[in-house]
Amino acid sequence: MNWYKGNIHTHTTNSDGDSSPDHVASWYKNNQYDFLVLSDHNHLTILDEAENKKNKWPLLVPGEEITIREINGSPAALHINGIGIKDLIKPGSYESNIDGINDVVDKVNSQGGLASINHPNYQWWVSVDDIKYSKDAWAFEVFNGHMHSNNEGSLHSMSTEEIWDEILSSGKMIYGVASDDAHHFTQEFSSARSNPGRGWIYVKSNSLSVKEIIKSMKKGDFYSSTGVELEELEISKSNIHLKIKERLPKEKQKYTIKIIHDTGVVFFEKEGDDLDLSTKGLKKYFRVVVRSSEGTNAWIQPIFL
Ligand SMILES: [Zn+2]
Ligand SMILES: [Zn+2]
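Residues numbered from 1 in each chain as written. Chains lettered and ligands numbered in written order. Predicted model: local features only at pLDDT ≥ 70, side-chain atom pairs only at ≥ 80, totals over all residues.

Draft legend 1. How the structure looks around the sheet that holds strand β16 (residues 274-278). An order of β12-β13-β16 is seen for the three strands of this open sheet, with the pairing classed as antiparallel. On the outer flanks of this sheet lie β12 (230-235) and β16, each paired with one strand and no other. Across the sheet, the mean angle separating the axes of adjacent strands is 5° when strand polarity is ignored. Relative to strand β13 (residues 239-244), β12 is paired through five bridges, and the arrangement is antiparallel. Each bridged residue has a counterpart across the sheet, and for Glu 232 the counterpart in β13 is Lys 243. (Pairing = 2+ DSSP bridges. Helix = DSSP H or I, 4+ residues; strand = E, 2+ residues; numbered from the N terminus. Axes fitted to C-alpha atoms, helices over the stretch in contact; angles between N-to-C directions.)

Draft legend 2. A look at the sheet that holds strand β6 (residues 92-94). Ordered in space as β6-β4-β5-β7-β8-β9, the six strands form an open sheet in which the pairing is mixed. With partners counted over all chains shown, the strands left at the sheet margins are β6 and β9 (175-179), one partner each. Sheet twist, expressed as the mean angle between neighbouring strand axes with direction ignored, is 40°. Pairing geometry for strand β7 (residues 114-117) and strand β8 (residues 139-144), over two bridges, is parallel. Paired with Ile 117 across the two strands is Phe 140, which belongs to β8. Against the sheet, helix α5 (residues 160-169) contacts β8 and β9, and its axis sits at roughly 155° relative to β8. (Contact = placed C-beta atoms within 7 Å.)

Draft legend 3. Just the confidence of the model for the protein, in detail. For the protein, the mean per-residue pLDDT works out to 97, and 99% of the residues sit at or above 70. Within the protein, the lowest mean pLDDT, 86, falls on helix α2 (residues 49-52), and the highest, 99, falls on β9. (pLDDT = per-residue confidence, 0-100.)

Draft legend 4. Quick look at the nonpolar core. With 69 residues, the main nonpolar core has Val 104, Ala 115, Ala 137, Ile 201, Val 288 and Val 290 as its most contacted residues. Taken together, domain 1 (2-226) and domain 2 (228-305) each give at least three residues to this core, which thus spans both. If sequence neighbours within four positions are ignored, Val 290 has contacts with Val 228, Ile 244, Tyr 255, Ile 257, Asn 297 and Ala 298. (Core = buried A, V, L, I, M, F, W, Y, C linked by C-beta atoms within 7 Å. Buried ≥ 20, exposed ≤ 12 C-beta atoms within 10 Å, placed from the backbone. Domains from an automatic or database assignment.)

Draft legend 5. Here's a closer look at unusual backbone geometry. Located in the positive-phi region is Gln 187, a residue other than glycine, with phi close to 60°. Located in the positive-phi region is Lys 284, a residue other than glycine, with phi close to 70°. The residue Lys 284 is located in the loop between β16 and β17 (285-292) in this model.

Here it is, written out as C-alpha cells:
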C-alpha cells in the first residue's frame, strides 16, 4: 500500500477559475500531487487522456461541483462535489437545503461517485442539522482553502470541526476532507486570493488508478492535511499508532496530537511526534487531529466504536 497526495476541489476556465485546465493540472503535477479532481461548477472537465501520457498532469479523477441554485425561490450557495462521476449532474432548485442535499447525494451515488458537501460555512449556508438530517454524504469539507470559507466559524456559528463532532456524536458517520477550492493560479499568491496548495488528502491505496483511489476514499483510507504529513498511521477500534514525518529541524517544529471522542471532548492530548494508545475508555467514536506550531493540521478519519 502506498500513500498518494491529491486535491479534490479546484476550478478552471471551464467555470470561474482564471487558468486553463491544462495550466491547472500542470500546476498540481509540478507541485508533486499524485491525483487531482478538476471540479468545475456544473461542468465535467475531462481532458484528453492521450495528452497525459507525456506525464503532464497528475492522475485526473473526474468530478464536478454541483450547485444547488435556489432554495425556496432565493439564490443559494450550497455546493456539493461529485467525485468519480461519469455524467454531468445538472444544478437544481429545491424547497429546502435537506431536499437539495438528498437529491444531489442520490444522483452522485447512483453513478458510483462520492458526494462531498463543500464549505458549509461559506455564507453560512449549510447548518449542522442540514447534514445531520439529510442522506449520508460521503464527506464534508472540514477545511476549504477559499478565503471566504469561514472554517473557524464565528462568535455565533460553529467551526467546521465543531460541526463534524456534532454530526459524529449524533451517531452519523461522515468523513472530513481538506481541499483548495482554488480559482487563482496567476498573479500574486496571497491569503486574500483563492490560490492552490492549501488543503489536500493523502489516500492509502494499492495503486494510482481512478478505481483504486475512489475505492480507498470510499472506505475512509485517507487523512486530510494542510501541511502535516504522517510517516506511519495504523488505526483500529482497539489501537492508535502514528508517527509524524519531520519537515523542519526538530527544535523549530512542535506538534500537538489530540484524540477527540463523543460530544467533541478531548480525551487525550500530548506534545510530540508519535503516539501509541489503546482506545480503552473512548466513547462512541474517536478521531485524531495533529496540529503543528506552524498552524497546519492533519485530520485523521473517525472510527465508530
Ligand atoms: Zn463552492
Ligand atoms: Zn469550488
